[in-house]
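Residue strings, one per chain:
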Amino acid sequence: MHYNINCTPIRKLWSSLAAALLVAVTWVVTFRLNSLLFTESSHSSYINYIFLPAGVRLLSILLFEEIAVLGLLIVTCIGISLISAINPYISLKCSLYLLKVDDILSNFGTNKLMLMCMIYASLNSISHNLYFLHLNLISDLRHNLIVMFVGDFVGCLLVLYTFSFAIKLFRFVRKLQ
C-alpha cells in the first residue's frame, strides 16, 4: 500500500514526480473516457450518475498516498482541486482507521472496500456540493448530493473492483506459469 522507494533522494524525487504525473494523466484519461461513455447519464456539467474518476482518485491515494494528492492537484484548478485531491486521502485515512484495516491491507475484503467507497462518496459529494452551493452553481442541494454520491460510489466500485479483479487475475496467471 505504501509508496516507499529505498534509494537515493534524487531517484526518490524523480520516482515521486513520475507517480504524481501518472496519477494526473490517469485521471485526465479517465475523465475523458467517462465523458465519452456516460454522456447520457450526466446530471449537470459538474455531477454525473457514474463518475469513474472518483474511483481513480481513491485508488491513486490508496496506492501512492500523499504523492497522489500532488498528481490530483496538477490536473485541477485551485478551489475545486483542493477538495478533489484531499477528499480521497482523508477518506482513506478515516476508512483504514474506522474499518481497522492494517497497513498491508491483509484484512481488506470486499465489504470493507464497499464501505470505503461509501465513506469517500459521502465526504466527496458533501464537500463538493457545499462548495458549489457557496458559489451559487447549484440550487437543489439535496438532489445534487444524492446524484453525486451515487455517481462517485458507483465509479469507485467499478474502478476498485476492476483493479482488485485484475490483481487476482495477475496472481492466478503467475501461479500457472
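Before any of the text, the structure's been laid out above.
The text that follows walks through the structure, step by step, so that each part is easy to find.

Reading the values: the criteria
- Residues numbered from 1 in each chain as written.
- Predicted model: local features only at pLDDT ≥ 70, side-chain atom pairs only at ≥ 80, totals over all residues.
- Heavy atoms only, no water.
- Helix = DSSP H or I, 4+ residues; strand = E, 2+ residues; numbered from the N terminus.
- Buried < 20%, exposed > 50% of the residue type's maximum accessible area, 1.4 Å probe, protein only.
- Contact = heavy atoms within 4.5 Å.
- Axes fitted to C-alpha atoms, helices over the stretch in contact; angles between N-to-C directions.
- Nonpolar A, V, L, I, M, F, W, Y, C, P; charged D, E, K, R; others polar.
- Patch = residues over 30% accessible without salt bridge, like charges linked within 9 Å, V, L, I, M, F, W, Y side chains within 5 Å.
- Areas by Shrake-Rupley, 256 points an atom, 1.4 Å probe, with all protein chains shown as cover.
- Salt bridge = Lys/Arg side-chain N within 4 Å of Asp/Glu carboxyl O.
- Lys, Arg positive; Asp, Glu negative; His and termini not counted.
- Disulfide = S-S within 2.5 Å.
- Expected span 1.5 Å × (residues − 1).
- Parallel < 35°, antiparallel > 145°, perpendicular 65-115°, else oblique.
- Left-handed = near helix turned anticlockwise from the far one by under 90°.

**Re the overall build of the chain**
Helices and strands together make up the secondary structure of the chain, namely six helices and zero strands. If you list the helices and strands of the chain from N to C, you get α-α-α-α-α-α. Taken over 177 residues, the chain has a buried fraction of 39%. Long-range pairs, those at least 24 residues apart, make up 69% of the contacts in the chain with a sequence separation of at least 6.

**Focus on the packing of helix α2 (residues 52-64) against helix α3 (residues 66-75)**
Two quantities define a packed helix pair, namely the angle between the axes and the distance from one axis to the other. One can describe the packing of α2 onto α3 by two numbers: an axis separation of 6 Å at closest approach and a directional angle of 140°. Judged by residue contacts, Arg57, Ser60, Ile61 and Phe64 of α2 engage Glu66, Ile67, Ala68, Val69 and Leu72 from α3. Its residues assigned to classes, the contact of α2 with α3 comprises six nonpolar, one polar and two charged.

**Thoughts on a nonpolar patch on the surface**
A contiguous nonpolar surface patch, about 620 Å² in accessible area, is contributed by Ile10, Leu13, Trp14, Leu17, Leu70 and Ile74. Of all the secondary structure elements, the ones that give two or more residues to the nonpolar patch are α1 (9-37) and α3. Per-element accounting of the nonpolar patch gives the leading share, four residues, to α1. Take tryptophan 14: its relative accessible area is 59%, and that puts it in the exposed class.

**Let's talk about the side chain of aspartate 152**
Positionally, aspartate 152 belongs in helix α6 (residues 141-176). The buried charged residue aspartate 152 lacks any salt bridge, with arginine 57 as its nearest oppositely charged partner at 5.0 Å.

**Thoughts on the state of the cysteines**
Per the stated rule, a full pass over the model turns up zero disulfides. With no disulfide of its own, cysteine 156 has cysteine 117 as its nearest cysteine by sulfur position, at a separation of 4.6 Å. Given the relative accessible area of 0%, cysteine 156 is considered buried.

**Quick notes on α2**
If you check α2, its first and last C-alpha atoms are 18 Å apart, about what 13 residues at 1.5 Å a residue would give, namely 18 Å. In terms of burial, α2 is a largely internal element, 12 of the 13 residues being buried. Those residues of α2 that sit buried are Leu52, Pro53, Ala54, Gly55, Val56, Arg57, Leu58, Leu59, Ser60, Ile61, Leu62 and Phe64. At the exit of α2 stands glutamate 65, carrying a positive phi of roughly 50°.

**Observations regarding the pattern of salt bridges**
For the structure on display, the rule yields one salt bridge. For glutamate 65, the salt bridge goes to lysine 93, with nearest N and O atoms at 3.5 Å. Of the two residues, glutamate 65 sits in the loop between α2 and α3 while lysine 93 sits in helix α4 (residues 78-98), which places them 28 residues apart along the sequence. Judged by relative accessible area, which is 8%, glutamate 65 ranks as buried.

**A few points about the environment of serine 35**
In this fold, serine 35 is placed in helix α1. Along the chain, serine 35 and asparagine 48 lie 13 residues apart, while their C-alpha atoms are 9.3 Å from each other.

**With respect to the packing of α2 against α6**
With their axes 6 Å apart at the nearest point, α2 and α6 run at an angle of 50° to one another. Considering their axes alone, α2 and α6 lie oblique with respect to each other. Of the two possible hands of crossing, α2 and α6 adopt the one that is right-handed. Contact residues: Leu52, Ala54, Gly55, Val56, Leu58, Leu59 and Leu63 in α2; Asp152, Gly155, Cys156, Leu158, Val159, Leu160 and Phe163 in α6. Across the contact of α2 with α6, the residue classes tally to 11 nonpolar, two polar and one charged.

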